[in-house]
Structures are given as structure tokens and as C-alpha cells.
Amino acid sequence: MTVLSVPGSSVTVRVPAKVNAQLAVGAARPDGFHDLANVFLAVSLYDEITVTPAESLRITCSGPDADQVPLDRTNLAARAAEALAARYGIAPDVHIHIAKDIPVAGGMAGGSADGAGALLACDALWSAGASSPASREELLAICAELGSDVPFSLLGGAALGTGRGELLTPLEVGGVFHWVFAVADGGLSTPAVYGEFDRLTAGTDVPPPAAAPALLDALRSGDPTALAGALANDLQPAALSLRPALADTLATGTSAGALAALVSGSGPTTAFLVKDEEAAATVAAALRASGTCRTARTATSPARGAVVTGRTP
Ligand code: C5P
């Protein structure tokens with residue numbers, strides 16, 4: 001196969017963060033993963049990934065949390081470039097720059113976003129001259145190999161993730177939901193939170209995970225009050241057990257008028273569903289003033305999945 005890429009050309013992709021409207025977790029499987037019913041919503045906080053042909057694979061990162069991002073081959077963006085290069089039968093010789101705005105290790109799929117973004121950007125570079133460009137299904141399959149949340153970062157919008165979260169069914173959303181995210185100091189390790197879930201549920205009967213019909217109805221209706229009553233995260237007790245101070249952050253947002261408060265995914269970012277943009281500003285200001293988090297961000301959902309936003313010839 002011949003693949004042509006124009007030296008010096010670059011592609012930029014924008015990728016959203018996610019929040020889990022429901023994260024139903026089943027018992028640990030023999031492979032160590034957990035079966036999930038994971039209702040993903042993409043939110044309007046974005047990383048931007050730019051890839052440029054280079055002598056060899058390298059990663060740089062900018063943004064307030066750039067120093068916490070690994071720049072070696074453990075970065076999902078590097079692994080995405082390697083996996084796609086193998087598919088095209090070429091070397092993964094690109095400079096990947098990550099302009100990071102999604103909280104790092106925060107339970108908002110920031111690392112997964114960078115994997116999906118680098119994959120789409122490299123595909124835009126390499127597919128142009130390829131005799132058989134990768135299909136959307138192939139890209140989603142590579143995403144699933146990279147991590148459980150990576151396929152959703154590519155897809156965006158809203159989706160139910162089953163299996164370990166990688167088998168996606170798109171969901172209908174009937175309106176715009178407003179959120180505030182309280183960013184904690186320091187991250188939480190996803191495997192550690194799942195490990196704590198196992199410890200807390202040991203000896204109990206963990207039911208098979210299922211999406212709640214009331215939650216799916218609330219998403220379809222676009223009604224924030226209905227959605228607030230249906231939000232659920234089975235990892236929340238584990239995240240609170242590892243980081244008890246998050247309870248103060250949750251209480252702060254609730255007293256400031258949030259319709260609902262929950263830990264985002266495996267945490268430690270906490271998510272607050274609010275009525276509208278004005279309520280978002282009020283809750284974000286209260287959280288920032290409280291000293292119970294590092295900062296607070298406002299965002300809306302659903303947001304579009306990974307998309308090419310720029311190309312230089
Ligand atoms: O798939 P990903 O690499 O993002 O998963 C990170 C870790 O989170 C896994 O190694 C596992 O400990 C945990 N995990 C899990 N069940 C899932 C997804 C993730 O136990 N469905």
C-alpha cells in the first residue's frame with residue numbers, strides 16, 4: 001500500500017470531555033474489567049490535538065495542567081498513532097501536540113479524548129493517499145483496544161456503553177443540559193477506584209448493570225429536573241471512600257442551587273447539573289469561593305464528538 005503525506009502539513013482535531021449520567025457497575029469479570037451500563041454524555045470542554053509529520057513520534061502538551069500529562073509512549077495519543085500506523089503499514093512519525101483543557105485524571109475521559117483525537121487526526125493525514133482508507137468501524141475498533149472510554153470520545157453526543165463501556169448505542173437527547181464541574185486538586189487512579197468498588201462490594205450480590213428507563217426518558221425529554229432525579233454513579237462510594245473531602249464539594253454545589261451533584265466517572269471531578277446558564281454561573285462562583293475544589297468550569301451537553309477543525313496544506 002502506498003501512503004502519501006505532505007511534509008509539513010498538519011491536522012487539528014477537537015475532542016470533548018464526558019460525564020456519566022449513569023454509571024452502573026457489575027461484578028469484576030475474569031479479565032479484571034467490570035461489565036457496565038454506562039450512559040455517556042459528551043460535554044463542551046475540549047482538548048485540541050494537532051498532528052504534524054515529523055522525524056519520529058513525539059508528544060508535546062500545553063495548558064494549565066500540562067505538567068501532569070505523560071509525554072512518553074504510555075500517552076493514549078502515542079498509542080493511537082502507533083496502532084493506526086500499523087494499520088496503514090507505515091511508521092508513526094508524527095509530532096502530536098495536545099492543547100489540554102480537560103481536567104487530567106479527573107474522571108472526564110481526558111486521556112481517552114487525546115487517544116481518539118490523535119487517531120482521527122492521524123487518519124486525516126494518512127488516509128488521503130492510502131489505497132484503502134480505514135473505515136469508521138475500524139477506527140472505533142482501534143479506539144476500543146486503546147481503552148474502554150475511547151470509542152465514546154470519537155463518537156460524542158450521548159450513548160449507552162455496555163460490555164466494559166466500549167460497545168456503544170447512540171442515545172437521543174431532547175435539549176441542552178447545563179453543568180458545572182468542580183476540578184479537584186490531584187487526580188484519582190481509575191484502577192484504584194474500581195479496586196475500592198470491589199473492596200466495598202465484596203461479599204455482596206452485585207446485580208447485573210442496566211440503564212434506568214427513567215434516565216433514558218429524561219435525556220429524551222431534555223428536562224433537567226427529570227434528569228437530576230435519575231443521575232447515578234455506582235463508583236461514587238468508592239471515590240468518596242478514597243477522597244472523603246469530595247463530600248464537602250458535593251454539598252457546596254447542592255447548597256448553591258444545583259439540581260443534582262455527583263462524582264464524574266471515577267472522579268475526583270464532581271459534576272453539578274443546573275437549570276440554566278445563570279444557575280451555572282452561581283454554582284460555579286460558590287464552588288470557587290468555597291475552597292473545596294481547585295477551580296470550577298461550566299459546560300453544556302451534548303457536545304459533538306471528535307472533529308477535524310483545522311488543516312494546513
Ligand atoms: O479501559 P481503561 O484502560 O480505560 O481502563 C482502566 C482501568 O479501569 C482498567 O484497568 C480497570 O482497572 C478499570 N476498568 C474496569 N472496568 C471497566 C473499565 C475500566 O474495571 N469497564
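Bear in mind the structure is a predicted one, so any value in this text is a computation, not a measurement. (Residues numbered from 1 in each chain as written. Predicted model: local features only at pLDDT ≥ 70, side-chain atom pairs only at ≥ 80, totals over all residues.)

Peer 1: Just checking my understanding: could you explain the site of the ligand for this structure?
Peer 2: Lining the immediate surroundings of the ligand are Phe33, His34, Leu36, Gly147, Ser148, Asp149, Arg164, Gly165, Thr190, Pro191 and Tyr194. Of all the secondary structure elements, the ones that give two or more residues to the shell around the ligand are strand 2 (34-53) and helix 5 (190-201). Counting residues per element, the shell around the ligand draws most heavily on helix 5, at three residues. For the shell around the ligand, the domains that each give at least three residues are domain 1 (10-170) and domain 2 (177-301). (Near = placed C-beta within 6 Å. Helix = DSSP H or I, 4+ residues; strand = E, 2+ residues; numbered from the N terminus. Domains from an automatic or database assignment.)

Peer 1: What is the right way to look at the domain arrangement of the chain in this model?
Peer 2: Its domain assignment divides the chain into domain 1 (10-170) and domain 2 (177-301). Here the C-alpha centroids of domain 1 and domain 2 sit 23 Å apart. Of the residues lining the interface, 28 residues belong to domain 1; the matching set on domain 2 comes to 33 residues. Grouping the constituent residues of the side of domain 1 that touches domain 2 by class yields 20 nonpolar, seven polar and one charged. (Contact = placed C-beta atoms within 7 Å. Nonpolar A, V, L, I, M, F, W, Y, C, P; charged D, E, K, R; others polar.)

Peer 1: Sorry, what's going on with the environment of Ser127 here?
Peer 2: Inspection of the secondary structure puts Ser127 in the loop between helix 2 (110-126) and helix 3 (136-146). Given 17 C-beta atoms within 10 Å, Ser127 falls into the partly exposed group. When the C-alpha atoms of Ser127 and Asp185 are compared, they prove to be 40 Å apart, with 58 residues separating the residues in sequence. Beyond its immediate stretch of four places on either side in the chain, Ser127 contacts Pro133 and Ala134. (Buried ≥ 20, exposed ≤ 12 C-beta atoms within 10 Å, placed from the backbone.)

Peer 1: Can you help me understand the sheet that holds strand 9 (residues 260-263) in this one?
Peer 2: Pairing between sheet strands relies on hydrogen bonds along the backbone, with the strands arranged either parallel or antiparallel. One open sheet holds the four strands; their spatial order is 9-10-7-11, and the pairing between them is antiparallel. Because the sheet does not close on itself, it has two edges, and the strands there are strand 9 and strand 11 (295-301). Along the sheet, successive strands turn relative to each other by an average axial angle of 25°, direction set aside. In this fold helix 9 (residues 246-255) packs onto strand 7 (177-183), strand 9 and strand 10 (270-274), with an angle of close to 10° to the strand it touches most, strand 10. Sheet strands in contact with helix 10 (residues 277-290) are strand 7, strand 10 and strand 11, and its direction is about 10° off that of strand 7. (Pairing = 2+ DSSP bridges. Axes fitted to C-alpha atoms, helices over the stretch in contact; angles between N-to-C directions.)

Peer 1: Explain the pairing of strand 1 (residues 10-28) here, please?
Peer 2: Along a regular strand, successive side chains alternate from one face of the sheet to the other. Of all 19 residues in strand 1, 15 are buried; the element is thus mostly enclosed. Here strand 1 runs beside strand 12 (residues 307-312); their pairing, made up of five bridges, is antiparallel. By the bridge assignment, Arg14 is partnered in strand 12 with Val307. Examined bridge by bridge, strand 1 and strand 2 share 15 bridges and lie antiparallel to one another. Opposite Arg14, over in strand 2, you have Glu48 as the bridge partner. The hairpin turn running from strand 1 into strand 2, its antiparallel successor, is five residues long, and Gly32 in that turn takes a positive phi close to 90°. Sheet topology note: the strand 1/strand 8 (residues 232-233) ladder contains two bridges and is parallel. Bridging across to strand 8, Gln22 finds its partner in Ala232.

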